[in-house]
Amino acid sequence: SSGINAEYGSVKKAKQAIYDYVELLFLYPFFWIVQGLLQCMFNLLYGPTKSDIDNKRTLCYDVKINFKCHNIRENKLDLFLLKYRGTVDASVIEEEDVILYDYTPEAFIFTRIRAGVAHWDIEKHPFTVFTSHNHAVQVISIPRDVVRERLKRREVKDGSNILLLHSIGRCGSTLLANLIYRTKQFHVISEPFPLLKLCAEIGEKSNIIPMDAPENLEFIRTVFLLLCKREGERYFVKSPVVMTGVLFHLVHKALPQVKELFLHRAISASLVSFKHIMGPVRFCGAANVALQKVPFMYRKIWRKVKVSGSHERFAFMILCQMHPHYLECEAGRTIKAFSFESILQNKESFARELLSYLDLDEELLPLAMSAFCKDSQQNASFSKRKIGVCSKVLQSDRTRKWVRSVAFEMFGIKLRGEDLFATNVPNSCILEV
């Protein structure tokens, strides 16, 4: 047991790791076999005909069974058992309860949310990626060409109604989204899965196709317009927190009038928090997958500094999420940055600064400040109430030394102290106490 304790820090964490291994090695394979057999049966009994698919129609399916898996997963249609309902008009994507869920090479996939579920209320449903799956009652598949034709009718295509938040994850981004939601001036979209998927694909292929290739920019524009579909509303989009650093380089080229913010936190606290909500096995697996999807320039750096530790791998991924902000600011762009630590120390000053940046009336300050009075993730599957509070300090001196060295030598990011706080973040706002 001493060896296990050395790796996971406590007997309790060791038990969690053993459970995760059992789940991955035995329970998951059994689940996928059973689910696959049911999927085949449903396709044979209730699937569309070949002519329906070949005619490039908008197809609608009823969700008969919804497999709600672990909270750390990607959206997949094979997590539904579907019954083909028929064809519908493509205008269905403009309806309030229809959300962009995923995409395939041929089509965009939407889900219709169960009646009574206010998916825009992020206090009750803090993450769009889960809401679009867990509350789905219909799946709608629309050919890409049909969607593009509909989007040509849009008048606002420059992103002037969109505020995009970049972050390193586990750094208060949900709190910030909740603060903006409470002003009732923005429609909040929190971590939609399609953004994560397209960033991963762009990063993975960046050694073959330039990241800012016209087809990539066009697809980014399409995804944002499908997410932010009402032209008369303002949207706050919180990007997923892994592998989406490429949006720093691309979103302003696809949507020239979009506003952007960057939120960061001491890397040690972010790292420990990620491990706490994922568990040690998924924590390691997520880092390994992400390192294959980051842009090619970062994969080359990883080959130079590569080590075996899961904390080091995940920390490197966080650095890859931060570094594009440095590059864009060096190129002359002004993207405001805030640290989670400074926000907590200067709550009112931050709220005032944010309202000013968004051109919102200061009369909304009490509404914004009310977000600090509750846990913004209390309805998430990994809320403090459900999984407890974790440590904010990374225990390993060796890991801290490695992260500090790589951050400065390879990325030009200066980290101080045991908490590994970045001290030279460009355009970082100084909040008055």
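Everything here concerns the structure above.
My aim in this report is to walk through the structure given alongside it, one point at a time. (Residues numbered from 1 in each chain as written. Predicted model: local features only at pLDDT ≥ 70, side-chain atom pairs only at ≥ 80, totals over all residues. Heavy atoms only, no water.)

1. Things to note about the packing of aromatic side chains
Argument step 1. For the coordinates displayed, the defined rule picks out 15 aromatic pairs.
Argument step 2. Note on phenylalanine 283 and phenylalanine 314: the rings are 4.5 Å apart at their centroids and 10° apart in plane angle, and the pair reads as stacked. Residue phenylalanine 283 is located in helix α11 (residues 280-293), and its partner phenylalanine 314 is located in helix α13 (residues 310-330); the two are separated by 31 residues in the primary sequence.
Argument step 3. With a relative accessible area of 0%, phenylalanine 283 lands in the buried category. (Phe/Tyr/Trp six-rings, centres within 6.5 Å; stacked < 30°, edge-to-face > 60°. Helix = DSSP H or I, 4+ residues; strand = E, 2+ residues; numbered from the N terminus. Buried < 20%, exposed > 50% of the residue type's maximum accessible area, 1.4 Å probe, protein only.)

2. Focus on the sheet that holds strand β7 (residues 187-190)
Argument step 1. Pairing is parallel in the open sheet, where 5 strands are placed in the order β7-β8-β6-β9-β10. In the strand order of this sheet, the two ends are held by β7 and β10 (336-339), each with one partner. Averaged over all neighbouring strand pairs, the angle between strand axes comes to 20°, with direction disregarded.
Argument step 2. Bridge analysis of β7 against strand β8 (residues 235-238) gives 4 bridges, and the strand direction is parallel. Looking at the pairing, isoleucine 189 lines up with valine 237 of β8. (Pairing = 2+ DSSP bridges. Axes fitted to C-alpha atoms, helices over the stretch in contact; angles between N-to-C directions.)

3. Focus: the packing of helix α10 (residues 267-278) against α13
Argument step 1. Between α10 and α13, the least distance of the axes is 10 Å, while the angle of their chain directions is 120°. In this view, α10 runs oblique relative to α13, as classed from their interaxial angle. Here α10 and α13 pass one another in a crossing that is right-handed. Packed against α10, whose contacting residues are Ile267, Ser270, Leu271, Phe274, Lys275 and Met278, the element α13 presents His311, Phe314, Ala315, Ile318, Leu319 and Met322 at the interface. (Parallel < 35°, antiparallel > 145°, perpendicular 65-115°, else oblique. Left-handed = near helix turned anticlockwise from the far one by under 90°. Contact = heavy atoms within 4.5 Å.)

4. What about the sheet that holds strand β2 (residues 80-87)?
Argument step 1. The sheet built from 5 strands is open, its strands ordered β2-β1-β5-β4-β3 with antiparallel pairing. Of all the strands in the sheet, just β2 and β3 (98-103) have a single pairing partner and so form its edges. Between one strand axis and the next, the sheet turns through 30° on average, direction left out of account.
Argument step 2. By the bridge criterion, 7 bridges tie strand β1 (residues 59-66) to β2 in an arrangement that is antiparallel. Its bridge partner being in β2, asparagine 66 is matched across the sheet by phenylalanine 80.

5. Focus on empty space enclosed by the protein
Argument step 1. By the definition in use, this model includes 3 cavities of 30 Å³ or more.
Argument step 2. Looking at the largest cavity, its volume works out to about 180 Å³.
Argument step 3. Taken together, 17 residues form the lining of the largest cavity, with Ile99, His119, His187, Ile189 and Leu227 sitting closest to its centre.
Argument step 4. When residues of the lining of the largest cavity are traced back to their parent elements, those giving at least two are β3, β7 and α8 (214-227).
Argument step 5. Within the lining of the largest cavity, the residues separate by chemical class into 11 nonpolar, 3 polar and 3 charged.
Argument step 6. Computed from the structure, the second largest cavity encloses a volume of approximately 60 Å³.
Argument step 7. Lining the second largest cavity are Met243, Thr244, Gly245, Val246, His249, Val294, Pro295, Tyr298, Met317, Cys320, Gln321 and Pro324. (1 Å grid on protein atoms, 1.4 Å probe; cavity = no way out; pocket = protein on both sides within 12 Å on 5 of 7 lines; lining within 4 Å. Points joined across faces, edges and corners; volume = space filled by probe spheres on them. Nonpolar A, V, L, I, M, F, W, Y, C, P; charged D, E, K, R; others polar.)

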